[in-house]
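Residues per chain are reported as follows:
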There are 2 protein chains.
Amino acid sequence: MSADIVIQEVCPRDGLQIEPIVVPTDVKVALIDRLSVLGFRRIEAGSFVSQKAVPALADGDAVFRSIVRREGVVFVALIPNLRGAERALQADADEVNFVMSASETHNRVNMGMDHQGSLSALAEVTAAIGRRAVLNATLATAFGCPFEGEQHEGKVLRLIETYLRLGAQSITLADTTGMANPKLVRQRVKSVLGLVPRAQLTLHFHNTRGLGLINVMAGFEAGALRFDASLGGLGGCPFAPGASGNVCTEDLVNLCREIGLNTGLDLEGLIALSRTLPSMIGHPVPGQVARAGRACDLHSVPLGITLTD
Amino acid sequence: MSADIVIQEVCPRDGLQIEPIVVPTDVKVALIDRLSVLGFRRIEAGSFVSQKAVPALADGDAVFRSIVRREGVVFVALIPNLRGAERALQADADEVNFVMSASETHNRVNMGMDHQGSLSALAEVTAAIGRRAVLNATLATAFGCPFEGEQHEGKVLRLIETYLRLGAQSITLADTTGMANPKLVRQRVKSVLGLVPRAQLTLHFHNTRGLGLINVMAGFEAGALRFDASLGGLGGCPFAPGASGNVCTEDLVNLCREIGLNTGLDLEGLIALSRTLPSMIGHPVPGQVARAGRACDLHSVPLGITLTD
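The rules we used
- Here the residue index of a chain counts from 1 through its sequence in written order.
- Numbering of ligands from 1 and lettering of chains from A proceed in the order in which they are written.
- Given that this is a predicted model, residues contribute local features only at a pLDDT of at least 70 and side-chain atom pairs are listed and counted only at 80 or more, while totals for whole chains, interfaces and linings are drawn from all residues.
- Only DSSP runs of H or I reaching four residues or more are called helices, and only runs of E reaching two or more are called strands; each is numbered from the N terminus.
- Atoms counted for the radius of gyration: C-alpha only. Globule rule: 2.2 Å times the number of residues to the power 0.38.
- To assign burial, the other C-beta atoms lying within 10 Å of each residue's own C-beta are counted, with C-beta atoms placed from the backbone; 20 or more indicates buried, 12 or fewer indicates exposed, and intermediate counts indicate partly exposed.
- We call two residues in contact if the C-beta atoms placed from their backbones are at most 7 Å apart.
- Angular values range over 0 to 180 degrees, each being the angle between N-to-C directions of two axes fitted as lines to C-alpha atoms, with helices fitted over their stretch in contact.
- Comment on the angle field: the value is read as roughly parallel under 35 degrees, roughly antiparallel over 145, roughly perpendicular from 65 to 115, and oblique elsewhere.
- By definition, any crossing whose near helix is turned counterclockwise from its far helix by less than a right angle is left-handed, and any crossing with a clockwise turn is right-handed.
- We superpose the copies by least squares over the C-alpha atoms of residues that have a pLDDT of at least 70 in both of them.
- Each C-beta atom gives one direction from the helix axis, and the arc is the one those directions make.
- Pairs of strands are assigned from DSSP output, requiring at least two bridges between the strands.
- Look down the strands so they point away from you; if going from the first strand over the helix to the second traces a clockwise path, that crossover is right-handed.
- Gly falls in the polar group here, along with every residue not listed as nonpolar (Ala, Val, Leu, Ile, Met, Phe, Trp, Tyr, Cys, Pro) or charged (Asp, Glu, Lys, Arg).

1. Considerations on the overall build of chain A
Okay, step 1: If you tally the helices and strands in chain A, you get 13 helices and eight strands.
Okay, step 2: Against the compact-globule benchmark of 19 Å for 309 residues, chain A has a radius of gyration of 19 Å, which places it among compact chains.
Okay, step 3: Oriented by its inertia axes, the alpha-carbon framework of chain A measures out at about 70 × 40 × 40 Å.
Okay, step 4: Burial statistics for chain A: of 309 residues in total, 56% are counted as buried.
Okay, step 5: Pairs at least 24 residues apart make up 72% of the contacts formed inside chain A by residues separated by at least 6 positions.

2. Structural notes on the packing of helix α8 (residues 182–192) of chain A against helix α9 (residues 212–221) of chain A
In a packed pair of helices, the relevant descriptors are the angle between the two axes and the axis-to-axis distance.
All names here are of chain A.
Okay, step 1: α9 packs onto α8 with a crossing angle of 30° between their chain directions and a minimal axis gap of 8 Å. Relative to α9, the element α8 lies roughly parallel. Crossing geometry of α8 relative to α9 is assigned as right-handed. For the pair formed by α8 and α9, the contact residues are Pro182, Val185, Arg186 and Val189 on the first element and Ile214, Asn215, Ala218, Gly219 and Glu221 on the second.

3. A few points about the relation of the copies chain B and chain A
Okay, step 1: Overlaying chain B with chain A gives an RMSD of 0.0 Å, the required rotation being 180° about an axis along which the chain moves by 0.0 Å. Taken together, the rotation and translation relating the two chain copies correspond to the operation of a two-fold axis. Taking C-alpha positions as the reference, the residue of chain B nearest the rotation axis is B:Ile214, at 2.7 Å.
Okay, step 2: Both copies contact each other with a shared surface, as 100% of the interface residues of chain B are interface residues in chain A too.

4. Re helix α5 (residues 104–111) of chain B
Residue and element names in this part refer to chain B.
Okay, step 1: When α5 is considered as a whole, its buried residues turn out to be His106, Asn107, Val109, Asn110 and Met111. Along the axis of α5, the buried residues cluster in a sector spanning 165°; they form a single face.
Okay, step 2: Where the residues of α5 are buried, they touch β4 (95–101), α6 (115–129) and β5 (134–140).
Okay, step 3: A positive backbone phi angle near 70° is found at Gly112, which sits one or two residues after α5.

5. A few points about the environment of A:Ile21
Okay, step 1: Counting through the fold element by element, A:Ile21 comes out in the loop between α1 (11–17) and α2 (25–35).
Okay, step 2: Ignoring anything within four residues of it in the chain, the contact list for A:Ile21 reads A:Ile281 and A:Gly282.

6. Examining unusual backbone geometry
Apart from glycine, the bulk of residues carry a negative phi angle, and the bulk of peptide bonds sit in the trans form.
Okay, step 1: Even without being glycine, A:Asp92 reaches a positive phi, approximately 65°.
Okay, step 2: You can see A:Asp92 is positioned in the loop between α4 (82–90) and β4 (95–101).
Okay, step 3: Although it is not a glycine, B:Thr141 adopts a positive phi angle of roughly 50°.
Okay, step 4: With respect to the helices and strands, the residue B:Thr141 is situated in the loop between β5 and α7 (153–165).

7. Here's the deal with helix α11 (residues 267–274) of chain B
Residue and element names in this part refer to chain B.
Okay, step 1: Of the positions making up α11, those classed as buried are Leu270, Ile271, Leu273 and Ser274. Within α11, the buried residues cover an arc of 165° as seen down the axis, which keeps them to one side.
Okay, step 2: Buried residues along α11 sit against α2 (25–35), α10 (249–259), α12 (277–281) and α13 (289–292).

8. Some details on the pairing of strand β2 (residues 42–47) of chain A
Residue and element names in this part refer to chain A.
Okay, step 1: Extensive coverage of β2 is indicated by the burial of six of its six residues.
Okay, step 2: By the bridge criterion, five bridges tie β2 to strand β3 (residues 74–79) in an arrangement that is parallel. Considered in β3, the bridge of Glu44 is made with Val76.
Okay, step 3: A crossover links β2 with its parallel partner β3, the connecting element being helix α3 (residues 60–66), and its sense is right-handed.

9. Here we look at the interface of chain B and chain A
Okay, step 1: Across the boundary between the two partners, chain B contributes 57 residues, which contact 57 residues of chain A.
Okay, step 2: Within the residue set of the side of chain B that touches chain A, elements represented by two or more residues are α5, α8 (182–192), α9 (212–221), α10 and α13 of chain B.
Okay, step 3: Residues that form the side of chain B that touches chain A fall into these classes: 29 nonpolar, 20 polar and eight charged.

10. Comments concerning the pairing of strand β3 (residues 74–79) of chain B
Residues and elements named next belong to chain B.
Okay, step 1: Counting buried residues in β3 gives five out of six residues, a clear majority hidden from the surface.
Okay, step 2: Across four bridges, β3 lies against β4 in parallel orientation. Within β4, the residue paired with Val76 across the bridge is Glu95.
Okay, step 3: Note on the crossover from β3 through helix α4 (residues 82–90) to β4: the handedness is right-handed.

Structure, rendered in structure tokens:
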């Protein structure tokens, strides 16, 4: 049965990247191997960025070398530049995910480059990759920047056109710090679908202000099909301290199940795996369905303490 | 400016009812007095139920006697039976909120009565109240019961008709344990609006599985206008342990603000008040906007640690 909505799992990359502890390589590999039998067609398994900036993911090469490759599962590596792309190719990533921010201020803070620097890097990445991997390009802060605020649609569309001209085969719009809302998502997705076919567009939302799932549904209703999510809702952003992270995979799958959308994913398996995360990273995770159970999980009748007397 | 959506604050009742510590009466009164200047037209300020079952709210009489009554603010008391209604009238509640569960199993556990017992109580309540207060009737577990599962629409509609026949002036549909989903909410609200005018219908959602805000928006799109929410997202349900509570007031107000719906509420005041809750109850609260700030709150540019090397 083909899925009505495609969920790309990003916990091994976006989920673990901000954790203060470094999860050992074999534990990461075991997590990815368990994820890859739950029905995902796409898993972002690591990144090839500055090891100083993100020590938690410094072992990307070893992770990609060690995971079990499964038929029909695309393993994605996030990269910011040519050097990252070369490491990703060396590690045999199926797809590289280039990232730049719509907000030039955010890009300078995050990447240490202006737009021109990142776009030159994208051109180098395209040339280096050739046909050896798929090239996705993510536009971060596409729904708002914590420094600049609103990002105008004209700029977002122009940058996507530039991405496509420079060789990106698919596009991700990322709400990096949870500033999107369903009204903005509907408008922006409709406009972007004028440039990018729906099968080549991914939306990446954070649940910073509790709007992750509602933004996914707004994007879906506006025509998007592919969405990033992170097991347990792991992830987050250094500029929204204390806030929760990515859209939670099992919470999204539970929602889809309740409204009759097929995800192709094993919800009970996801919940069981999510429940192993707190001991892996040393703290509770934001996801709610792993705590509360599925909506369809009934309880036995307790001895009552009644409200009446 | 009149509100596009009416938010009734239920933190002093549904939020505090499940807390293991008893908040002192003067602290409750101060909380309600601070809430009542933030723009609410309706505040559920306490309940008159068994003091053994809910010791946290045993001081309802003192709370209602001590709060400042403000022009235009309706103070509501939850009651399960005639005795509760008499106490609420004595305490000069503006509105009494009778509650029974759509699920008879849940009603036996929660109320110690079958439907016939609760409906007889409602008839007694109506007679006792006369014109001395408004009578709202809540149908709990209206979107699903943790023991029985799905609640058929025919039963829900029949019980609402009975409520109206027995004298209820307005109706609340409550998703007591967070089992609703946006598809079900749309269907049920459309059907219920055939019986109840939109100005007399309130929807009460819990965020147990992360669907609180999306359910509010589904209900609003289907024609509902009035929604319960709790400061900080306080609340919860004994049958969904570890799960988060009611829809969070400030998270809902932030969402409304972002999509251009006027709530008439002071979002900055709500956030400031929500930030006092953890010290009041001794633990963090589920609300996210009080932690992350409003979407429009920008940050200053930090010294960058960049992803590139």
